[in-house]
Each structure stands twice: as C-alpha cells, then as structure tokens.
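So the chains spell out like this:
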Amino acid sequence: MRGGLAWIVAIVAGIALVIVVTAAIGTGDDSGETVTAGEWAQSTCGAVGVWRGEMEDIVEDLRTPSAVPAAGSEEPQSETPQGRTGFVRVGLERAVQATDTMIEGIDNAGTPDTPEGAEAARLISDWSDSARDDLVEAQDSLDEEADSLEESITQLADAARAIGAALASGVQTIADVARLDPELAAAIQESSTCQQLREETS
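So, here is what we can say about the structure in this document. Starting from 1, residues in each chain are numbered consecutively following that chain's sequence as written. Since the coordinates come from a predicted model, pLDDT governs what is reported: local features require at least 70, and pairs of side-chain atoms require 80 or more to be given and counted, while whole-chain, interface and lining totals use all residues. To obtain the side-chain values, all non-hydrogen atoms of the structure were included, while hydrogens and water were left out.

## Observations concerning the overall build of the protein chain
Argument step 1. Each helix corresponds to a stretch of at least 4 residues labelled H or I by DSSP, and each strand to a stretch of at least 2 residues labelled E; elements are numbered beginning at the N terminus. Check the secondary structure of the protein chain and you find 7 helices and 2 strands.
Argument step 2. Starting at the N terminus and walking to the C terminus, you meet the elements of the protein chain as α-β-α-α-β-α-α-α-α.
Argument step 3. For every residue, the accessible area obtained with a 1.4 Å probe (protein chains only) is divided by the maximum for its type, and the residue is called buried under 20%, exposed over 50%, and partly exposed between those limits. Within the protein chain, buried positions represent 43% of all 202 residues.
Argument step 4. Contact criterion: two residues are considered in contact whenever any of their non-hydrogen atoms come within 4.5 Å of each other. Within the protein chain, counting contacts between residues at least 6 apart in sequence, those at least 24 apart form 79% of the total.
Argument step 5. Accessible surface computed for the protein chain: about 10400 Å², of which carbon and sulfur atoms make up 53%. A 1.4 Å probe and the Shrake-Rupley method give the accessible areas. Residues count as covered only by the protein chains that appear here.

Here is the structure:
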C-alpha cells in the first residue's frame, strides 16, 4: 500500500512539474534552431530555475520525512531502514524525472545566435546530461537495501549530496557560459528568469 502511494505521489509530482515548466518557458520548440541570445537565456534559465525549485523541494522532503506510521506498525515508516530507503528512492526518482524535464526544456531552447552560442548550448546540455547520470547512479545505489537505520541515513546523505552537487555545478555552468560569450552575458543579465535564478542562488 505504501509503495503504491509513493508511486502516485511521484506521478502527481511529475505532472505538476510539467505544468510549471510549460508555464515558465512556454510551449515553443526551437531545438536545432538558432534563436536570439535573449530568447535562449530566458528559456534556459526558466528550465534550470524550475528544476532548481523542484530539487530544493525534494531535499526538504528528504530532510523532513512523513512521520505517519505504516499500517500495522507502531514505528513511523520513514524511520525503518526499508522505509527510509524507499523514501529516498522516491525522492531520487522525482529528481531524475525533474532533470529529464529540464533537459527537454534546454534542448527546446535552441542555440543562441552569438559568437560562442554553439559552445554555450553544448556546455549547458553536457551539464544537464551529467547531472541526470549522477542522479541515476545515486538511485541505482539504493538497490541494495540498508541493514540498519545508520546505513539508511548514509544513503540519505549520499542522495542529498548528489542533488547538491548537481545544483552547484548548474550554477557554475551558467557562470561559465556568461564568461564565455559577452553577448550571452548581457542577455543573461537582462533575462527575467535568469534574474530570478540569481536571486534564488544568492
């Protein structure tokens, strides 16, 4: 019953994320197309910003799991080794799903029509793919269930570390793009979604 509920929560979260991403970056698909620096910055920062918000929600959920006991148990489900592992696994599933959505948004942003636009688009794409790979690896590491609460807490720390590393590397990649191309730096500075992302990461 608990496992079924977890899948429902993950599916609902995924649907909500798609709706939010669509609202943030629109429905346009410019993959394979050349776009202005401003359009690219707005779409890319929009996709990354929505993803970042979802990652922060996931980390917060992992830090403060539900204390509702499982059926027929006096102990909260999240405090048993098996329950904790399952809880972290659902969080990582959400993280991977959110990253897939972000990757689609980044691909749909196209390539900025600037001197280093192609390289900038490649850097962002490579980062998002790498972030997904790292999160999938963290998810796979949970295939072996913890034998104790201490081991499950270690798994939680490793999962949170993977998400934190993805967040930090994303901020660094956008900074690298801004240094790479002055035209993109100006567009990133002026974009409302990039401004919001900067406020959230400051």
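Having seen the model, we can carry on.
## Some thoughts on the state of the cysteines
Argument step 1. Disulfides are defined in this document as cysteine sulfur pairs within 2.5 Å. Tallied over the entire structure, the rule returns 1 disulfide.
Argument step 2. There is a disulfide in this structure between Cys45 and Cys194, and the S-S distance comes to 2.0 Å. Judged by the sign of its S-S torsion, about 85°, the bond between Cys45 and Cys194 is right-handed. With a gap of 149 residues between them, Cys45 in helix α2 (residues 37–63) and Cys194 in helix α7 (residues 192–201) connect regions that are remote in the sequence. Side by side, Cys45 and Cys194 carry an identical accessibility label, which is buried.

## Quick notes on empty space enclosed by the protein
Argument step 1. Grid points spaced at 1 Å and placed over the protein atoms alone form the basis of the search, with a cavity being a set where a 1.4 Å probe fits but cannot get out and a pocket an open set showing protein on both sides within 12 Å along at least five of seven lines. Lining residues have an atom within 4 Å of a point. Grid points are joined across faces, edges and corners, and a volume is the space filled by probe spheres set on the points. Taken as a whole and judged by the stated rule, the model has 2 cavities of 30 Å³ or more.
Argument step 2. Contributing to the lining of the largest cavity are Val48, Trp51, Arg52, Leu167, Gly170, Val171, Ile174 and Leu197.
Argument step 3. It is helix α5 (residues 149–180) that contributes the most residues to the lining of the largest cavity, 4 residues altogether.
Argument step 4. Each residue is assigned to one class: nonpolar for Ala, Val, Leu, Ile, Met, Phe, Trp, Tyr, Cys and Pro, charged for Asp, Glu, Lys and Arg, and polar for all the others, Gly among them. Among the residues forming the lining of the largest cavity, the class breakdown is 6 nonpolar, 1 polar and 1 charged.
Argument step 5. Of the pockets and cavities examined, the second largest cavity occupies roughly 30 Å³.
Argument step 6. Looking at the second largest cavity, the residues that line it are Trp40, Ala41, Thr44, Cys45, Ile124, Ile174, Val177 and Ile188.
Argument step 7. Looking at the lining of the second largest cavity, the elements with two or more residues in it are α2 and α5.
Argument step 8. Per element, the largest residue contribution to the lining of the second largest cavity is 4 residues, and it comes from α2.
Argument step 9. Grouping the amino acids of the lining of the second largest cavity by side-chain chemistry returns 7 nonpolar, 1 polar and no charged.

## What to know about the side chain of Arg52
Argument step 1. Position of Arg52 among the secondary structure elements: in helix α2.
Argument step 2. Among residues more than four places away in sequence, those in contact with Arg52 are Leu167, Val171, Leu197, Glu200 and Thr201.

## Let's talk about the packing of helix α6 (residues 182–190) against α7
The description of two packed helices rests on the angle between their axes and on the distance between the axes.
Argument step 1. Taken N-terminus to C-terminus, the directions of α6 and α7 make an angle of 75°; their axes are 5 Å apart at the nearest point. The angle between α6 and α7 falls in the class roughly perpendicular. Listed contacts from α7 to Ile188, Gln189 and Glu190 of α6 are Ser192, Cys194, Gln195 and Arg198. Note on method: axes are straight lines fitted to C-alpha atoms, helices fitted across the in-contact stretch only, with angles between N-to-C directions ranging 0 to 180 degrees. Angle categories: roughly parallel below 35 degrees, roughly antiparallel above 145, roughly perpendicular from 65 to 115, and oblique for all the rest.

## Details of the nonpolar core
Generally speaking, nonpolar side chains in soluble globular proteins are found buried as a group.
Argument step 1. Among the nonpolar cores identified, the biggest contains 41 residues, and Trp40, Val48, Trp51, Met55, Leu92 and Ile163 are the most heavily contacted of them.
Argument step 2. Elements with a minimum of two residues in this core: α2, α3 (81–108), α4 (117–140), α5, α6 and α7.
Argument step 3. No other element matches α2, which puts 11 residues into this core.
Argument step 4. With sequence-adjacent residues up to four places away left out, Trp51 is seen in contact with Ala95, Ala98, Thr99, Met102, Trp127, Ala166 and Leu167. Working definition of a nonpolar core: buried Ala, Val, Leu, Ile, Met, Phe, Trp, Tyr and Cys residues. They are joined through side-chain atoms within 4.5 Å.

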